[in-house]
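Here is how the chains run, residue by residue.
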Amino acid sequence: MSAREVRLRPVTEDDLVMFRRFVTEPGLIGLDWAGFRDAQAPARRYAKDGFLGEDDSRLIVEADGMAAGLMSWSARGFGVSRYWEIGIALLPDWRGRGIGWRAQAMLCDYLFTHTPVERIQAVTHPENAAEQKSLEKAGFTFEGVLRAVEFRAGQWRDGWMYSRLRSDPYPPLPAQSLS
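Residues numbered from 1 in each chain as written. Predicted model: local features only at pLDDT ≥ 70, side-chain atom pairs only at ≥ 80, totals over all residues. Heavy atoms only, no water.

Trainee: Summarise the overall build of the protein; cite the residues concerned and give the values.
Mentor: Looking only at helices and strands, the protein has four helices and eight strands in total. In the protein, the order of α-helices and β-strands from amino to carboxyl end is β-α-α-β-β-β-α-β-α-β-β-β. For 179 residues, the compact-globule formula gives about 16 Å, and the C-alpha radius of gyration of the protein, at 16 Å, lands near that figure. Summarising its shape, the C-alpha atoms of the protein cover approximately 40 × 40 × 35 Å along the three principal directions. For the protein, buried positions account for 42% of its 179 residues. If you take every contact in the protein between residues at least 6 apart in sequence, the share linking residues at least 24 apart comes to 59%. When the accessible surface of the protein is split by element, carbon and sulfur atoms take 54% of a total near 9,600 Å². (Helix = DSSP H or I, 4+ residues; strand = E, 2+ residues; numbered from the N terminus. Rg over C-alpha atoms; globule rule 2.2 N^0.38 Å. Buried < 20%, exposed > 50% of the residue type's maximum accessible area, 1.4 Å probe, protein only. Contact = heavy atoms within 4.5 Å. Areas by Shrake-Rupley, 256 points an atom, 1.4 Å probe, with all protein chains shown as cover.)

Following this line, the structure appears as structure tokens:
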């Protein structure tokens, strides 16, 4: 069953419970679990800037009026050029419902509208076929393999790089909004 409406919105204090869950519940964040993290860090970051920073930010992915996960973007650079790297984490109950690709496409639209970057990139795990499909549906192009880029579960693993350029075609977006 897909979600009828997907939107992105700023983080509220009530969302901090979900943020704490992502850093304290093994497996909740899927393949991105990297061990326990400071459970109070989300509250400190929220108090600092509401997760809307100059170089990295977070928005809540809301589906059918409920918090389904979060989107992030961080500044990266190559030479003097700047671009964004995005990420998504959905709660398990919301995966496989067509929310991820829609949220990723919406975030790209938002970033291309409000920032002058030409490039947005995302990295995923080679074994995460669902995320690969989601990125492609959101208008991303597979660029290649990043060898031994991530230490996870006791070993170095490859990552798959995807990108979307400002000039790439925009995917069609069903019911959604950005608040």
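Trainee: Any details on the packing of aromatic side chains? Residues and values, ideally.
Mentor: Counted by the stated rule, this structure contains seven aromatic pairs. Aromatic pair Trp-33 and Phe-36: ring centres 5.3 Å apart, planes at 90 degrees, arrangement edge-to-face. Members of the aromatic cluster, each reached through a chain of ring pairs, are Phe-142, Trp-160 and Tyr-162. Geometry around Trp-94 places Arg-97 over its ring, the cationic atom sitting 4.7 Å from the centre. Directly above the aromatic system of Tyr-83 lies the positively charged group of Arg-119, at a separation of 5.5 Å from the ring centroid. (Phe/Tyr/Trp six-rings, centres within 6.5 Å; stacked < 30°, edge-to-face > 60°. Lys NZ or Arg CZ within 6 Å of the ring centre and 35° of its normal.)

Trainee: Can you explain helix 3 (residues 99-114)? Please cite residues and give values.
Mentor: Look at helix 3: 22 Å from first C-alpha to last across 16 residues, which is about the 22 Å you get at 1.5 Å a residue. Helix 3 sits mainly inside the fold: 13 of its 16 residues count as buried. (Expected span 1.5 Å × (residues − 1).)

Trainee: Please provide a residue-by-residue account of the confidence of the model for the protein, values included.
Mentor: Of the residues in the protein, 94% have a pLDDT of 70 or more, and the chain-wide mean is 93. Considering each helix and strand of the protein separately, the mean pLDDT is smallest for strand 8 (residues 176-178), with a value of 52, and largest for strand 2 (residues 56-63), with 98. (pLDDT = per-residue confidence, 0-100.)

Trainee: Outline the nonpolar core, listing residues and values.
Mentor: One finds Leu-8, Val-61, Met-71, Ile-86, Leu-107, Ile-120 and Phe-140 to be the most contacted residues of the largest nonpolar core, which totals 40 residues. Of all the secondary-structure elements, those providing two or more residues to this core are strand 1 (6-9), helix 1 (16-24), strand 2, strand 3 (66-78), strand 4 (81-90), helix 3 and strand 5 (119-124). When residues in this core are grouped by element, the largest group, nine residues, is from helix 3. Residues contacting Ile-120, with those up to four places away along its chain left out, are Trp-84, Ile-86, Cys-108, Leu-111, Phe-112, Phe-140, Tyr-162, Ser-163 and Arg-164. (Core = buried A, V, L, I, M, F, W, Y, C linked by side-chain atoms within 4.5 Å.)

Trainee: Please give an account of the pattern of salt bridges that cites residues and values.
Mentor: Using the criterion set out here, one finds 14 salt bridges in the structure. The partner of Arg-164 in a salt bridge is Asp-109, and the shortest N-O contact between them spans 3.2 Å. Pair noted here: Arg-164 is in strand 7 (residues 155-165) and Asp-109 is in helix 3, with a separation of 55 residues, a long-range link. Comparing Arg-164 with Asp-109 shows no difference in burial state: the two are buried. (Salt bridge = Lys/Arg side-chain N within 4 Å of Asp/Glu carboxyl O.)

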